[in-house]
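# What the coordinates show
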Amino acid sequence: MMILQVEVFYIHLKNNYDIIFAVLLSGLVTIFVTKKLRKSTEDIPGRLGLPLVGETFSFLSAINSTKGCYDFVRLHRLRYGKWFKTRLFGKVHVFVPSVVGAKTILTNDFQLFNKGYIKSMADAVGKKSLLSVPVESHKRIRRLLSGPFSMDSLSVFVKNFDKLLSTRFKKLAENGKSFVVLDFSMKIAFDAMCGMLMSVTDESLLEKIERDCTAISNAMLSFPVMIPGTRYYKGMKARERLMKLFEELITSRRSSKEPHEDFLQSMLERDSFPDDEKLDDSEIMDNMLTLIIAGQTTTAAAMMWSVKFLDENKEVQNMLREEQLIILRNKPNGALLSHADLNKMSYSSKVVKETLRMSNVLLWFPRVALDDCKIQDLEIKKGWHVNIDATHIHYDPDLYKDPLRFNPSRFDEIPKPYSYIPFGSGPRTCLGINMAKVTMLVFLHRLTSGYKWTVDDQDLSLEKKSHIPRLKSGVPITLTSLKDDS
Ligand code: HEM
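Residues numbered from 1 in each chain as written. Predicted model: local features only at pLDDT ≥ 70, side-chain atom pairs only at ≥ 80, totals over all residues.

### What about the overall build of the protein chain?
- Looking only at helices and strands, the protein chain features 19 helices and 11 strands.
- Dimensions of the protein chain along its principal axes, counting C-alpha atoms only, are 110 × 55 × 40 Å.
- Counting the 486 residues in the protein chain, one finds 37% classified as buried.
- Pairs at least 24 residues apart make up 74% of the contacts formed inside the protein chain by residues separated by at least 6 positions. (Helix = DSSP H or I, 4+ residues; strand = E, 2+ residues; numbered from the N terminus. Buried ≥ 20, exposed ≤ 12 C-beta atoms within 10 Å, placed from the backbone. Contact = placed C-beta atoms within 7 Å.)

### Examining the nonpolar core
- One finds Met193, Leu197, Met288, Met304 and Val386 to be the most contacted residues of the largest nonpolar core, which totals 111 residues.
- The element best represented in this core is helix 13 (residues 281–312), accounting for 16 residues.
- In contact with methionine 288, not counting residues within four places along its chain, are Leu197, Met198 and Phe246. (Core = buried A, V, L, I, M, F, W, Y, C linked by C-beta atoms within 7 Å.)

### Some remarks on the confidence of the model for the protein chain
- Residue-level pLDDT values for the protein chain average 90, and 91% of them are 70 or greater.
- Taken together, the stretch residues 1–42 has pLDDT below 50 and engages in 3 contacts with residues farther than four places along the chain or on a different chain. (pLDDT = per-residue confidence, 0-100.)

### What to know about the sheet that holds strand 9 (residues 385–388)
- A sheet is described by the order of its strands in space; here 6 strands give the open sequence 1-2-3-9-6-4, paired in mixed fashion. Sheet topology places strand 1 (46–47) and strand 4 (113–115) at the edges, where each strand pairs with a single neighbour.
- As paired elements, strand 1 and strand 2 (residues 84–88) share 2 bridges and run parallel to each other. Its bridge partner lying in strand 2, arginine 47 is registered against threonine 86.
- Its contacts with the sheet place helix 5 (residues 99–106) against strand 3 (91–96), strand 4, strand 6 (365–369) and strand 9, and it is angled at close to 120 degrees to strand 9. (Pairing = 2+ DSSP bridges. Axes fitted to C-alpha atoms, helices over the stretch in contact; angles between N-to-C directions.)

### Notes on the site of the ligand
- Taken together, 24 residues form the shell around the ligand, and within it Gly295, Phe365, Gly424, Cys430 and Gly432 come nearest.
- If you list the elements that add at least two residues to the shell around the ligand, you get helix 13 and helix 18 (433–450).
- Broken down by element, the residue count for the shell around the ligand peaks at 7 residues, all from helix 13.
- Its residues assigned to classes, the shell around the ligand shows 16 nonpolar, 6 polar and 2 charged. (Near = placed C-beta within 6 Å. Nonpolar A, V, L, I, M, F, W, Y, C, P; charged D, E, K, R; others polar.)

### A closer look at unusual backbone geometry
- The phi dihedral of aspartate 377 is positive, around 70 degrees, even though this residue is not glycine.
- Tracing the backbone through its elements, the reader meets aspartate 377 in the loop between strand 7 (373–375) and strand 8 (378–380).
- Among the residues examined, aspartate 377 registers 7 C-beta atoms within 10 Å and is labelled exposed.
- Residue aspartate 402 is not a glycine yet carries a positive backbone phi of 50 degrees.

### Quick notes on the pairing of strand 6
- Alternating positions in strand 6 separate cleanly, Phe365, Arg367 and Ala369 being buried on one face and Pro366 and Val368 remaining unburied on the opposite face.
- Bridging between strand 4 and strand 6 involves 3 bridges; their strand directions are antiparallel. Considered in strand 6, the bridge of asparagine 114 is made with valine 368.
- Where strand 6 lies against strand 9, 4 bridges are found, and the strand directions are antiparallel.

### Side note on the sheet that holds strand 10 (residues 451–455)
- Taken in spatial order, the 3 strands of this open sheet run 5-11-10, and their pairing is antiparallel. Strand pairing shows two members of the sheet lacking a second neighbour, strand 5 (179–180) and strand 10, which therefore form its edges.
- Sheet topology places strand 10 next to strand 11 (residues 476–481); 5 bridges connect them, and they run antiparallel. Across the sheet, tryptophan 453 pairs through a bridge with leucine 479, a residue of strand 11.

Rendered as structure tokens:
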């Protein structure tokens, strides 16, 4: 039986060798082409998992751990190398670890790529937010929002923030008790922002707005399902309350005869302007919320990290203090800081830069590919999310020698293009870049020219459920006035 089968096989082979050859050849070609195709689409390693879920649970579990959500990225790099892809919330995500990648994406923002916020993020800040609107509206809204955030317009903010800070530091030092820097910086950044945006100073109203903003911010990285008790549900309810409050504020401002010098007033003064020269009420409201959320948590985290880094690097702290004391001694007693003073803070500016390099307040910047394209010869499919991994770039030893060392003097040299991007780059560069820089400089001035401090908890665990890296302890410190010290 067996022999018969072999014979039949040979007869077939002999009679149909041309057909068999063609089939074999086409099979080989198919395997080759499939392999080639597979190679080009699988160039970026990684695991996509199930279509909807992918690795979402592993990502959420990193967010819920004290190692922070970047640990998800770190572990994937260990497994797959610098470039990797994954699937989160049903979408393919590629983490882009290079200067060339950052440049490719940021110089093609809006053309080949667009903001890739996940649904919960867009729901939280609103449809008219600078973070959610399409390109046509973005240009107009950004242009109209920018005025109050230019360096010139911020001189009133510098004075107000300096006054607020001086008073609060003095009180804390007199009190002599330990306090948590993160709580302090969140509150002061919030109060200063609300003062600048809408002149709200009433303590109970500030607390109410802050509670709702916190709930909204917490909802930004959550599953977008309206189930009572979830972070998303609480955030959406808080958003409803806050929008109602903003609406009432705008109505009362329109009928008020009192003079106001703030962001809201500058927007309402445009009421009679043509449509493309003003923002409508929902644009004003969504963007006030966006500015508070984008400005408060980021700046507060940067302040917290600066205190931590300066505590660990006393030499840097001493050099910084020296610069700030010179500025203080050259001013009349009790005088507030001016723009001219900030321009003299050359070493302090490098401390701010180094703080932002190492803290990576925004870990990565998300975008979506609008078409099939390539980044450094790697295939990116339309609809994929590409995340510019600023954290990886800022810690790249090829770009920053000894990257784990807090060394502000490394900024004596200008960083290579796209190697230093704490505020992003291109049409979506941080709108609050000037405000963040002056806030940090005023903070460092008052802290180091007036006080020394001890850190009362050295735990390095990160806060859970936060999309911004912050220490769980919030860095509790005790202040000592330099006057008492001498
Ligand atoms: C240390 C503090 C801050 C850091 C590190 C920071 C960082 C950033 C980064 C990296 C982006 C671009 C994100 C991207 O390209 O996807 C951004 C955008 C933005 N930032 Fe900031 N920011 C800070 C403070 C502020 C402040 C104080 C404000 C508000 C006054 C603010 C308002 C915004 C807004 C509105 C955008 C969106 C701009 C747009 O899409 O056109 N930021 N920020």
